[in-house]
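Listed here are the chains, written in short residue letters.
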2 protein chains.
Amino acid sequence: MATQKDVARLAGVSVSTVSRVLNGSSLVDEKTRDKVQAAIKKLNYRPNLLAYSLRARSSRLVGLILPELTSIHASFLQQVEESCMERGYSVMVGLHRNDCEREKALIDEFQRRNGDGLILYPAIDGQNVSNNLMEYISIPVVLYEHSFGGQFGNVTFNNYEAGAMAARYLLKLGHRNLACTVGPMGSKFLRDRFWGFYNELKKQGLTVQEKNIYRCDFNYQVSNFQSGGEAVDYFLEGRSPEDTPTAIWAHNDNVALGILKGLHKRGIRIPEEISVVGVDNISLTEVYYPSLTTIGQPVKKMAEKAVEMLVRQIESKDGYRAGNLVMEPELVVRESTGPCAGWKRLQSEKQAGA
Amino acid sequence: MATQKDVARLAGVSVSTVSRVLNGSSLVDEKTRDKVQAAIKKLNYRPNLLAYSLRARSSRLVGLILPELTSIHASFLQQVEESCMERGYSVMVGLHRNDCEREKALIDEFQRRNGDGLILYPAIDGQNVSNNLMEYISIPVVLYEHSFGGQFGNVTFNNYEAGAMAARYLLKLGHRNLACTVGPMGSKFLRDRFWGFYNELKKQGLTVQEKNIYRCDFNYQVSNFQSGGEAVDYFLEGRSPEDTPTAIWAHNDNVALGILKGLHKRGIRIPEEISVVGVDNISLTEVYYPSLTTIGQPVKKMAEKAVEMLVRQIESKDGYRAGNLVMEPELVVRESTGPCAGWKRLQSEKQAGA
DNA sequence: ATAGATTATGAAATCGATTGTATTCATTAT
DNA sequence: ATAATGAATACAATCGATTTCATAATCTAT
């Protein structure tokens, strides 16, 4: 790899002149410029970004730290890469697997590489979220899906509203006997999803019975699928028809797909007998049979915004600090939901009566 | 961020001494060492990796360049990150989206950052694969899924055998009227898959009729799902029962899932009426209804091997160059395949006769 | 006691860029 | 003709590390 020194030697000038040519300084004679340009082309010279970064204190490097690469995080990463590329930043990825030590190591490593800024989905270690991040992060950060009381800029999903939206939709379809799953309550965003759902029912004078709430233990993709299956057993085993929920809301799509599968196995028709709703709108919800009605999270847009907010912080000279951006859910109706059977009958009777 | 200079000042020694302490040199007095260690702790000093890289000509940075983040590539990335972490390397990711220009830009960028080595899934631009990579890559490389005549080290999947394995399995189940999909023939690995399937049938004196071969145009995940649906239309529209294939092999799992969905829509029972087989064994094949029988690609192992081969090249002082590693497919039998209906009858008659 | 070896340390070069300061040379003004 | 201006370029410092070389201090052996 040729350096500026080589170019300078070949062109018969000093390195500073080469540098000036590269940076488009007007303080360089046209003939000299041409000589340098020729040398650059001849040697196929390209500036070393490490040296630049060291001097300029800017690496044009964005770090993305996630727990793991689930479907939704992969979409997020894909868009982050796209948006960074557009702005001339490269992306380093680290997966902490919900291990706080590892998360710290990744952040540290990134800062030691003079990374410009970080997009971080913090580790959830059991009931505790890493909470002393402030101490060892000294570069711009945008949090994804977590807010930490606004200490950092962040992009979150309106999880409460997502839960509420699911509840409203199922109620509108006439369902009254509802079941739902909940994830580890250690993470605020899952709590929000649940309470949104719960409180919306309450508002309508309804509730979810304890036996219709299935608590999923794990937080990993495969386990989520499994949890869905287990939830079905939990909701259906030894129940009379009247005691069986007519709709199930899952706190995320992977669990919802596990539920669909579990219902299939038992030969239960969807949505005729039981309706299912998820949250997230991951890509496979569309292909599944039946396709899954879900509360969509605008992941791509969130990634785009996260990068935008981060880069603005990085490039601002007046210490701009990004705020809290909350993205709204969107109901995506597909094939896994339908009017409650009893309700349907009621409706047609009404129509016949009219 | 504290530097060695700060530590040196605080400890009352020179930077060279600090550096020696950090690198565990024996040529430093115990008392001095303690003073320096104390200063390091006090200032919470951590070495700047950029400066180190510049000097040492080793960045401990591995680049991973992929077309995009499909399910299978996300798994690959996840394992690459894991394996790199274990060996003390960080990972930069770039997605070229099958655009050769972009691929070149990513490679270039990475080399300008003194990246140590590259794992590359090359761009397939229409019928042409980027073929002058040699010219602008001057660091260790391991190719993924492509071999380029062995110019670079590479990890590939035995795609030919995967196709053959699918064919053998379906024949064993008694299917004789087979259909299949093919992807863009510009990429060798998809050609291999097809010819493996085709030749295996030929070996048994069978063939796939032209009307039972559906050519998928696109290479992207969403389109793959769609292609599967279109393939179903192509195979079934206006066919008499005898003329309808009893088994379909898709050249990848996404297409296969699209096919399952298409068959569902038409009310066709799987596998009773039509069996379906995919290739890759992506995670959703297990959750789908019915779960998909597929020819598994050991992605995690391939990622692990790729990193292993790459790091060995990077760290070898005698110019070691990795060779070609071919990973074997594995038949994963699930619910989407079953004996051919006619064959089943034949078998039971046989049994009854015996 | 002194030469020679050993140990501990600092100064300076280096990696590959950028940039402030100094210098050279040509041009213009007085 | 000479001083002042300005353009073009070179020199040197800097970013934060490592490493070679030189030097000072200590120790060993004769």
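## Comments concerning the overall build of chain A
Scanning chain A from terminus to terminus reveals 14 helices and 14 strands. Its C-alpha atoms give chain A principal-axis dimensions of roughly 95 × 45 × 35 Å. When the accessible surface of chain A is totalled, it reaches about 15600 Å², and 49% of it is carbon and sulfur. Averaging the locations of the 43 positively and 40 negatively charged side chains of chain A gives two centres separated by 6 Å.

## Focus: the sheet that holds strand E14 (residues 330–332) of chain A
Residues and elements named next belong to chain A. Here six strands make up an open sheet; going across it, the order is E9-E8-E10-E11-E12-E14 and the pairing mixed. Each having just a single partner strand, strand E9 (213–215) and E14 make up the two edges of the open sheet. Ignoring which end each strand starts from, the neighbouring axes of this sheet average 20° apart. Relative to strand E12 (residues 293–296), strand E11 (residues 275–280) runs parallel, the two sharing four bridges.

## Focus: the pairing of E12 of chain A
For E12 of chain A and E14 of chain A, the ladder comprises three bridges, and the chain directions are antiparallel. By the bridge assignment, Ile295 of chain A is partnered in E14 of chain A with Leu331 of chain A.

## A look at the packing of helix H1 (residues 4–11) of chain A against helix H2 (residues 15–22) of chain A
A pair of packed helices is characterised by two quantities: the angle between their axes and the separation of those axes. Residue and element names in this part refer to chain A. At a minimum axis separation of 8 Å, H1 and H2 run at an interaxial angle of 105°. In this view, H1 runs roughly perpendicular relative to H2, as classed from their interaxial angle. Across the interface between the two elements, Gln4, Lys5, Val7 and Ala8 from H1 touch Val15, Val18, Ser19 and Leu22 from H2. Considering only residue class, the contact of H1 with H2 consists of five nonpolar, two polar and one charged.

## Thoughts on unusual backbone geometry
The phi angle of most residues is negative, glycine excepted, and most peptide bonds adopt the trans form. With an omega of -10°, the peptide bond running from Tyr289 of chain A to Pro290 of chain A counts as cis. By the secondary structure assignment, Pro290 of chain A is in the loop between helix H12 (284–287) and E12. Of note, the amide linkage connecting Ile270 of chain B to Pro271 of chain B takes the cis form, showing an omega dihedral of 5°. Along the chain, Pro271 of chain B falls in the loop between helix H11 (253–265) and strand E11 (275–280).

## Regarding the sheet that holds strand E7 (residues 153–157) of chain B
Hydrogen bonds between backbone groups are what pair the strands of a sheet, and the pairing can be parallel or antiparallel. Strand order across the open sheet formed by 12 strands is E13(A)-E7(A)-E6(A)-E3(A)-E1(A)-E2(A)-E2(B)-E1(B)-E3(B)-E6(B)-E7(B)-E13(B), with mixed pairing between neighbours. Two strands in the sheet have a free side with no partner beyond their single neighbour: strand E13 (324–327) of chain A together with strand E13 (324–327) of chain B. On average, adjacent strands in this sheet sit at an angle of 20° to one another, irrespective of strand direction. Judged from the four bridges that link them, strand E1 (residues 61–66) of chain A and strand E3 (residues 117–120) of chain A form a sheet pairing that is parallel. Looking at the pairing, Gly63 of chain A lines up with Leu118 of chain A of E3 of chain A.

## Looking at the relation of the copies chain B and chain A
Rotating chain B by 180° and translating it 0.0 Å along the rotation axis places it on chain A, where the RMSD comes to 0.1 Å. Read as a symmetry element, the transformation amounts to a two-fold axis. Ranked by how close their C-alpha atoms come to the rotation axis, the residues of chain B are headed by Met92 of chain B, at 2.2 Å. Mapped onto chain A, 100% of the interface residues of chain B are again interface residues, and the two copies thus contact each other with one and the same surface.

## Let's talk about the interface of chain B and chain A
At the interface, 48 residues of chain B touch 48 residues of chain A. Carbon and sulfur atoms make up 57% of the area that chain B and chain A hide from each other, which totals about 4800 Å². Contact with chain A buries area across many residues of chain B, yet Leu50, Arg112 and Arg113 of chain B alone supply 15% of it, more than any other trio. Counting across the interface, chain B meets chain A through 10 salt bridges. The salt bridge partner of Arg102 of chain A is Glu82 of chain B, with a shortest N-O separation of 3.5 Å. The interface formed by chain B and chain A holds 34 residue pairs in polar contact (both at pLDDT 80 or more) in total. Counting residues per element, the ones that place at least two in the side of chain B that touches chain A are helix H4 (49–56), helix H5 (71–86), strand E2 (90–95), helix H6 (100–112), helix H10 (221–236), H11 and helix H12 (284–287) of chain B. Counted by class, the side of chain B that touches chain A contains 22 nonpolar, 12 polar and 14 charged residues. Pairing of strand E2 (residues 90–95) of chain A with E2 of chain B, which is carried by three bridges, proceeds in the antiparallel orientation. Each bridged residue has a counterpart across the sheet, and for Met92 of chain A the counterpart in E2 of chain B is Met92 of chain B.

## A short note on the protein's contact with DNA strand D
What surrounds DNA strand D is a group of 28 residues, the closest being Thr32 and Arg57 of chain A together with Gln4, Asn48 and Arg55 of chain B. For DNA strand D, the backbone portion of the atoms within 4 Å of the protein, that is sugar and phosphate, comes to 66%. Ser19 of chain B places a polar side-chain atom, nitrogen or oxygen, 2.7 Å from a phosphate oxygen of DNA strand D. At the level of elements, H2 and helix H4 (49–56) of chain A together with helix H1 (4–11), helix H2 (15–22) and H4 of chain B are the ones that each hand at least two residues to the surface near DNA strand D. Of the residues that constitute the surface near DNA strand D, the class distribution is eight nonpolar, 12 polar and eight charged.

## Considering the protein's contact with DNA strand C
Around DNA strand C sit 28 residues in total, of which Asn48 and Arg55 of chain A together with Thr17, Thr32 and Arg57 of chain B are the nearest. Sugar and phosphate atoms constitute 66% of the interface atoms of DNA strand C, taking the interface as everything within 4 Å of the protein. At a separation of 3.4 Å, a phosphate oxygen of DNA strand C approaches a polar side-chain atom of Asn23 of chain A. A distance of 3.1 Å separates a base oxygen of DNA strand C from a polar atom in the side chain of Arg55 of chain B. Those elements that provide at least two residues to the surface near DNA strand C are H1, H2 and H4 of chain A together with H2 and H4 of chain B. Class assignment of the residues belonging to the surface near DNA strand C gives a composition of eight nonpolar, 12 polar and eight charged.

## Notes on the domain arrangement of chain A
Split into domains, chain A comes out as domain 1 (1–46) and domain 2 (160–298 + 331–353). Spacing between the C-alpha centres of domain 1 of chain A and domain 2 of chain A amounts to 66 Å.

## Remarks on helix H5 (residues 71–86) of chain A
Because an α-helix packs 3.6 residues into every turn, residues spaced three or four apart end up facing the same way. All names here are of chain A. Taking 1.5 Å per residue, 16 residues should reach 22 Å; H5 reaches 23 Å between its end C-alpha atoms and fits that length. Counted residue by residue, H5 has 13 buried out of 16 residues, so it is predominantly covered. Gly88, located one to two residues past H5, shows a positive phi value of around 80°.

## Focus on the pairing of strand E1 (residues 61–66) of chain B
Residues and elements named next belong to chain B. Within E1, six of the six residues are buried, which leaves the element mostly enclosed by the surrounding structure. Relative to E2, E1 runs parallel, the two sharing six bridges. Bridge pairing links Val62 to Val91 in E2.

Parameters and conventions
Residues numbered from 1 in each chain as written. Chains lettered and ligands numbered in written order. Predicted model: local features only at pLDDT ≥ 70, side-chain atom pairs only at ≥ 80, totals over all residues. Heavy atoms only, no water. Helix = DSSP H or I, 4+ residues; strand = E, 2+ residues; numbered from the N terminus. Areas by Shrake-Rupley, 256 points an atom, 1.4 Å probe, with all protein chains shown as cover. Lys, Arg positive; Asp, Glu negative; His and termini not counted. Charge placed at Lys NZ, Arg CZ, Asp CG, Glu CD. Pairing = 2+ DSSP bridges. Axes fitted to C-alpha atoms, helices over the stretch in contact; angles between N-to-C directions. Parallel < 35°, antiparallel > 145°, perpendicular 65-115°, else oblique. Contact = heavy atoms within 4.5 Å. Nonpolar A, V, L, I, M, F, W, Y, C, P; charged D, E, K, R; others polar. Least-squares fit on C-alpha atoms with pLDDT ≥ 70 in both. Buried area = accessible area lost by both parts, 1.4 Å probe. Salt bridge = Lys/Arg side-chain N within 4 Å of Asp/Glu carboxyl O. Polar contact = N/O pair within 3.5 Å; in protein donor to acceptor, adjacent residues only side chain to side chain. Near = heavy atom within 4 Å. Domains from an automatic or database assignment. Expected span 1.5 Å × (residues − 1). Buried < 20%, exposed > 50% of the residue type's maximum accessible area, 1.4 Å probe, protein only.

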